[in-house]
Amino acid sequence: MSEAKATGGKLPLHWKMLIGFLAGLALGLVAHHGGGADVGWVQWLTTYVTQPAGTLFLRLIFMLVIPLLFSALIIGVAEMGDVRSLGRVGWKTLGYTIVASGVAVALGLVLVNWLQPGAGVDPAAAQAMLAQGADRAKDIVGATASQPKGLDMLLAIVPDNVVKAAAENTILAVMFFALMLGIGLVLTRTPATETLLRGIQGLFDVSMTLIGLVIRLAPYAVFCFMFNLAALFGWDLLNSLGKYVGVVVLALALHMLVVYSLMLKFLGGWSPLKFFKGSQEAMVMAFSTASSNATLPVSLRVAEEKLHLPKKISRFVLTVGATANQNGTALFEGVTVLFLAQFFGVDLSLTQQVTVMFVCILGGIGTAGVPAGSLPVVALICGMVGVPPEGIGLILGVDRFLDMCRTTLNVTGDLMLAAVVSKGEEDPETA
């Protein structure tokens, strides 16, 4: 799909989304300055227009994500040609994912220990913010009780009913089934399986076409998201938690600009400038939607049309990476747990911080690629090391902005991983 078709006009999609972002932010701040959520027309507009419009856009995207993930991963595996090729790419993907996530969490922990963002928070303001987010925090903390832990978490990856897993949006279970089906297609080469593969290719093509139509609404959805954020909260919460936000954003920026650049240069033989220039559309989409899964269609198109990566590699790595390669999420979780520990006066030992780091790496692999998908994991880790899980209510006011930032790192990391893994893997269609 060409960019012109995807945007529905001559202006590139990422510029349209940027215009929507700036317009929504500016008008939202004006509305907040005029009274914010207490003003009737702002409350009416956010309740009945902008919030439903943004929700509708995300639902349209999520409606198509499961068939896209399912078909793209199967095709990516089947196009490997043989199990040895699949194993080689799979191990490279896993290895680079663990390295990148480990460096991300370590970087975040070093910065939060050095800059101590939780030590300077005003207790009165924090209690007020905690009260504002109490109900939502309670729901998130309560949700962690139903999440599988330990060995059950690993067993849950293998679904006993794939239809049920899809209905419950258990992405890892669906991806495991798709991976097994793809391996089965690689091992079974008959006319019937070739017909099945063509049918799955048709599902992928239809999903991409439909998502291309939905993506045309993205600039309007971005406007709605930013208007809601600015009109209801303004910059008060950002100011109150400025040090915390600053540490998270600094860590994310360093990881993207330094770590990713080094991996691209020395592991993939890529020019970082060329890579980031080609990836900008997916980065803007990720920042706008705060969802790796919602950005996946754009990432797939960027990988093939802008970065010219081998299709069989990009489809496999990006579909797996949308859930499993979330460096930004792992980094955010580590910084947040230590920030809350500092705020509540909980002194974490080096062993506990190493435990936090390990769990964050695993959490980055298993976290759902949807907005706020990492909050239950943060609550779970807090409970493990003695930090009150309800403390996540402190960050709810700024989480949307940070979610947008960490999702940008996640999506860029997926594309970086695909570029690095692609080194030495030839694809006749893209050579």
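Up top is the structure.
Residues numbered from 1 in each chain as written. Predicted model: local features only at pLDDT ≥ 70, side-chain atom pairs only at ≥ 80, totals over all residues. Heavy atoms only, no water.

A. Quick peek at the overall build of the protein. On a plain count of helices and strands, the protein comes out with 20 helices and zero strands. Counting every position in the protein, which comprises 431 residues, the buried fraction comes to 52%. Of all intrachain contacts in the protein linking residues separated by at least 6 positions in sequence, the fraction that spans at least 24 positions is 85%. Counting every atom, the protein has about 18,500 Å² of accessible surface; 68% of that belongs to carbon and sulfur. (Helix = DSSP H or I, 4+ residues; strand = E, 2+ residues; numbered from the N terminus. Buried < 20%, exposed > 50% of the residue type's maximum accessible area, 1.4 Å probe, protein only. Contact = heavy atoms within 4.5 Å. Areas by Shrake-Rupley, 256 points an atom, 1.4 Å probe, with all protein chains shown as cover.)

B. Representation of the pattern of salt bridges within the structure. One pass over the full model with this rule turns up four salt bridges. The closest approach of N and O atoms between Arg 315 and Glu 304, which form a salt bridge, is 3.3 Å. Taken together, the residues span a long stretch of sequence, with Arg 315 in helix α16 (residues 311–324) and Glu 304 in helix α15 (residues 292–306) at a distance of eleven residues. Taking the shortest distance from any N to any O, the salt bridge between Asp 403 and Arg 406 comes out at 3.5 Å. Remark: Arg 406 and Asp 403 occur in helix α20 (residues 396–421); sequence separation between them is three residues, near one turn of the helix. Each member of the pair Asp 403 and Arg 406 is classed as buried. (Salt bridge = Lys/Arg side-chain N within 4 Å of Asp/Glu carboxyl O.)

C. Representation of helix α17 (residues 327–343) in the model. Between its first and last C-alpha atoms α17 spans 24 Å; for 17 residues at 1.5 Å apiece the expected length is 24 Å, and the two agree. Within α17, 17 of the 17 residues are buried, which leaves the element mostly enclosed by the surrounding structure. (Expected span 1.5 Å × (residues − 1).)

D. Representation of a nonpolar patch on the surface within the structure. A cluster of nonpolar side chains, Trp 114, Leu 115, Leu 250, Leu 254, Leu 257, Val 258, Leu 262 and Phe 266, forms an exposed patch at the surface whose accessible area comes to about 800 Å². Secondary structure elements with two or more residues in the nonpolar patch: α4 (83–115) and α13 (242–267). Here the nonpolar patch takes six residues from α13, the largest share from any one element. On the secondary structure map, Val 258 appears in helix α13. Using a relative accessible area of 41% as the deciding quantity, one classes Val 258 as partly exposed. (Patch = residues over 30% accessible without salt bridge, like charges linked within 9 Å, V, L, I, M, F, W, Y side chains within 5 Å.)

E. A look at the packing of helix α14 (residues 272–289) against α15. Between α14 and α15, the least distance of the axes is 8 Å, while the angle of their chain directions is 175°. Comparing the axis directions of α14 and α15 gives the class roughly antiparallel. Residue-level contacts link Gly 278, Ser 279, Glu 281, Ala 282, Met 285, Ala 286 and Thr 289 of α14 to Ala 294, Thr 295, Val 298, Ser 299, Arg 301, Val 302 and Lys 306 of α15. Each residue belonging to the contact of α14 with α15 can be placed in one class, and the counts come to six nonpolar, five polar and three charged. (Axes fitted to C-alpha atoms, helices over the stretch in contact; angles between N-to-C directions. Parallel < 35°, antiparallel > 145°, perpendicular 65-115°, else oblique. Nonpolar A, V, L, I, M, F, W, Y, C, P; charged D, E, K, R; others polar.)

F. Main features of the nonpolar core. With 110 residues, the main nonpolar core has Phe 57, Ile 61, Tyr 244, Phe 275 and Leu 415 as its most contacted residues. Broken down by element, this core gets its largest block of residues, 15 residues, from helix α3 (residues 40–78). When sequence neighbours within four positions are dropped, the list of residues in contact with Phe 275 reads Leu 264, Trp 270, Leu 307, Thr 412, Leu 415, Met 416 and Ala 419. (Core = buried A, V, L, I, M, F, W, Y, C linked by side-chain atoms within 4.5 Å.)

G. Structural context of α13. For α13, with 26 residues, the first-to-last C-alpha span of 35 Å sits near the 38 Å given by 1.5 Å per residue. The largest bend in α13 comes to about 30°, at His 255. Directly after α13, the chain includes Gly 269, whose backbone phi takes a positive value near 70°. (Bend = angle between axes of the 7 residues up to and from the residue.)

H. Representation of unusual backbone geometry within the structure. Unusually for a residue other than glycine, Gln 116 sits at a positive phi of about 50°. Inspection of the secondary structure assignment puts Gln 116 in the loop between α4 and α5 (123–132). A positive phi angle is found at His 308, which is not glycine, with a value near 55°. With respect to the helices and strands, His 308 occurs in the loop between α15 and α16.

I. Structural context of the packing of aromatic side chains. Taken as a whole, this structure holds seven aromatic pairs when the rule is applied. When the centroid spacing of 6.1 Å and the interplanar angle of 40° are considered together, the rings of Trp 44 and Tyr 48 count as tilted. Of the two residues, Trp 44 and Tyr 48 both sit in helix α3, four residues apart, roughly one turn of that helix. Taken as a pair, Trp 44 and Tyr 48 share a single burial class, namely exposed. Here Phe 223 and Phe 227 contribute two aromatic rings whose centre-to-centre distance is 6.2 Å and whose plane-to-plane angle is 20°, an arrangement assigned as stacked. Residue Phe 223 and its partner Phe 227 are both found in helix α11 (residues 218–233); the two are separated by four residues, about one turn of the helix. (Phe/Tyr/Trp six-rings, centres within 6.5 Å; stacked < 30°, edge-to-face > 60°.)

Nothing here speaks to function; it is geometry throughout.
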